[in-house]
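Topology and contacts: notes
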Amino acid sequence: MKAAGRPVIGFGAGEPDFPTPDYIVEAAIEAARNPRFHKYTPAGGLPELKQAIAEKTARDSGYTVDAAQVLVTNGGKQAVYEAFATMLDPGDEVLVIAPYWTTYPEAIKLAGGVQVDVVTDETTGYLASVEQLEAARTERTKVLLFVSPSNPTGAVYSRGEVEAIGRWAAEHGLWVVTDEIYEHLVYGGAEFTSIATAVPELGDQVVILNGVAKTYAMTGWRVGWMIGPKDVVKAATNLQSHATSNVSNVAQAAALAAVSGDLSAVATMREAFDRRRQTIVRLLNEIPGVLCPEPLGAFYAYPSVKGLLGKELRGRRPQTSVELAEVVLEEAEVAVVPGEAFGTPGYFRLSYALGDDDLVEGVSRLAKLLAEAM
Ligand SMILES: Cc1ncc(COP(=O)(O)O)c(C=O)c1O
């Protein structure tokens, strides 16, 4: 529609709207001129980057690891894929808290694993309880996937909740795969808690997934990592050495500048996101039929639109959030991602990583259209 010249406002993007900070780009330019980086480097990552990631993890998560426990991957996405490929045998069950990010089910499936959903909703702010997790546990449960802050809901678990869930996992001998990619994007007094540090009882049954994409506005550079026990990391490194070899050296040099630098750039982005977050939540909750709990992390709002389904809107009667999203796109020229993509129909995901004016204009168009629903 945009290509046809229509003024669509997109709330779909899962990436910051800021450019990568200059000092990071400069490090990449310098690396591109260095003949060392014109050659293959170790498949598991540049040694100096692995060391810097170990140090950054101690700084931000309070978790002590050595460089041999780090694997540098082609974005967080490859870390997700390789973690499950390495850890799962066919039939192993993974507890996945829904709504979940769309890549997890595919990575689990490709590894022969079986996803078991633990469904949450707006009444708990999309937080799962130990009771819910326990009800989903079976003899085949091997892994709990834990993501806080969450994509798509922006939910952030408190330290107490993280401890309770981690202790429960440890008690039952489960592995925890934890995706910490939104660790620095928390708001309104919420705090990021790494389950790896908060629950020492988990021992070495923890695998951390992370990357530079969201913290440093570096989605296009494709650098992420996995941290885990040495045998898991070694197996994943073997897999990567045959699949893709080392991540682009220029991108790794940029990531090195990012993780070994300070966090001032993300502080600036966080301020902008927080302002947009408050605006979008307020505007969404003013729309009759829309209910949006306050997201405390990442850059997504995840309102329920169940109150609008089955109502008449511009001559149509959308029954699902996919159908409602279609009407919204066609009639209001606003793009949102329907909840079906995240395992929970009846919701929209709106990224607020877009300019303030577009954000207000987009939600206003949405509000105007949805007010017509009867
Ligand atoms: C929860 C979560 N984990 C991991 C990633 C992967 O990011 P990337 O592969 O760009 O590093 C994303 C990207 O959207 C995400 O939302």
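See the structure shown above.
The following refers to the structure shown. Just so it is clear, the structure is predicted and the values come from calculations on it, not from any experiment. (Residues numbered from 1 in each chain as written. Predicted model: local features only at pLDDT ≥ 70, side-chain atom pairs only at ≥ 80, totals over all residues. Heavy atoms only, no water.)

**Examining the sheet that holds strand β9 (residues 300-301)**
Rules: Should DSSP find at least two bridges between two strands, the strands are taken to pair. Numbering of helices and strands runs from the N terminus, with a helix taken as a DSSP run of H or I at least four residues long and a strand as a DSSP run of E at least two residues long.
Spatial ordering of the open sheet is given by β9-β12-β11, a layout of 3 strands whose pairing is antiparallel. The sheet is open, and its two borders are formed by β9 and β11 (337-338), each paired with just one other strand. Where β11 meets strand β12 (residues 348-351), 2 bridges bridge the pair, whose relative direction is antiparallel. What sits directly across from V337, in β12, is R349.

**Some thoughts on empty space enclosed by the protein**
Taking a probe equal in size to a water molecule and rolling it over the atoms shows the remaining empty space. Here is the rule: The pocket and cavity definitions rest on a 1 Å grid over protein atoms only: a 1.4 Å probe that fits but cannot leave marks a cavity, an open set with protein on both sides within 12 Å along at least five of seven lines marks a pocket, and residues lining either have an atom within 4 Å of a point. Grid points are joined across faces, edges and corners, and a volume is the space filled by probe spheres set on the points. When residue character is reported, Ala, Val, Leu, Ile, Met, Phe, Trp, Tyr, Cys and Pro are called nonpolar, Asp, Glu, Lys and Arg charged, and the others, Gly included, polar.
Under the defined criterion, the tally for this structure stands at 1 cavity of 30 Å³ or more. In this structure, the largest cavity encloses a volume near 150 Å³. Lining the largest cavity we find 16 residues, and of these I97, P99, Y100, V147 and S150 sit closest to its centre. Of all elements in the fold, only β3 (93-98) and β5 (141-147) reach the threshold of two or more residues within the lining of the largest cavity. The greatest single-element share of the lining of the largest cavity, amounting to 3 residues, is contributed by β3. Partitioned by chemical class, the residues of the lining of the largest cavity number 12 nonpolar, 4 polar and no charged.

**Observations concerning the site of the ligand**
Convention followed: Proximity criterion: a residue is near a molecule or strand once any of its heavy atoms comes within 4 Å of it. Two N or O atoms count as a polar contact when they lie within 3.5 Å, although within protein this holds only if one can serve as hydrogen donor and the other as acceptor, and sequence-adjacent residues are included solely when both atoms are side-chain atoms. For every accessible area listed, the method is Shrake-Rupley and the probe measures 1.4 Å; residues are considered covered only by the protein chains on display. Whether a molecule lies in a cavity or pocket depends on its atoms, and more than half of them have to be within 2 Å of the grid points.
G75, G76, K77, W101, Y104, N151, D179, I181, Y182, A213, K214 and R222 make up every residue found near the ligand. Between the ligand and the protein, one listed contact pairs an oxygen atom with a backbone N or O atom of G76 at 2.6 Å. Residue D179 places a side-chain N or O atom 2.6 Å away from a nitrogen atom belonging to the ligand. When the free accessible area of the ligand is taken as 400 Å², the share hidden by the protein chains comes to 92%. Judged by the proximity of its atoms to the pocket grid, the ligand belongs to the largest pocket. Grouping the constituent residues of the shell around the ligand by class yields 5 nonpolar, 3 polar and 4 charged.

**Overview of the packing of helix α2 (residues 47-61) against helix α9 (residues 249-260)**
The line we're drawing: Lines fitted to the C-alpha atoms define the axes, with helices restricted to the stretch that makes contact. Angles between their N-to-C directions range from 0 to 180 degrees. Working rule for angles: under 35 degrees goes down as roughly parallel, over 145 as roughly antiparallel, 65 to 115 as roughly perpendicular, anything else as oblique. By convention, the crossing between two helices is left-handed when the near helix turns anticlockwise from the far helix through less than a right angle, and right-handed when the turn is clockwise. Whether two residues are in contact is decided by their heavy atoms: any pair within 4.5 Å suffices.
Here α2 crosses α9 at 25°, and the two axes come no closer than 9 Å. When the axes of α2 and α9 are compared, the pair comes out roughly parallel. The crossing of α2 and α9 is left-handed. Residues E48, L49, A52, I53, K56 and R59 of α2 form the contact with α9, whose participating residues are Q252, A255, L256, V259 and S260. Its residues assigned to classes, the contact of α2 with α9 comprises 6 nonpolar, 2 polar and 3 charged.

**A short note on the packing of aromatic side chains**
Just so we agree on the cut-off: Two aromatic rings, drawn from Phe, Tyr or Trp (for Trp, its six-membered ring), form a pair once their centres lie within 6.5 Å of each other, and the interplanar angle then sorts them: stacked below 30 degrees, edge-to-face above 60, tilted otherwise. Working definition: with a 1.4 Å probe on protein chains only, accessible area under 20% of the residue-type maximum means buried, over 50% means exposed, and in between means partly exposed.
What the rule picks out here adds up to 11 aromatic pairs. Ring geometry for F146 against Y157: centres 4.9 Å apart, planes inclined by 50°, an arrangement best described as tilted. Residue F146 is located in strand β5, and its partner Y157 is located in the loop between β5 and α6 (159-171); the two are separated by 11 residues in the primary sequence. Note on F146: relative accessible area 1%, which makes it buried. Overall, the relative accessible area of 3% leaves Y157 in the buried class.

**Some thoughts on the pairing of strand β4 (residues 114-119)**
Stated precisely, the cut-off is as follows: Assignment of crossover handedness uses the view with strands pointing away from the viewer, where a clockwise path from the first strand over the helix to the second indicates a right-handed crossover.
In terms of strand pairing, β3 meets β4 through 6 bridges, oriented parallel. Following the sheet pairing, V94 is matched in β4 by Q115. In this fold, the crossover linking β3 to β4 by way of helix α4 (residues 103-110) has right-handed handedness.

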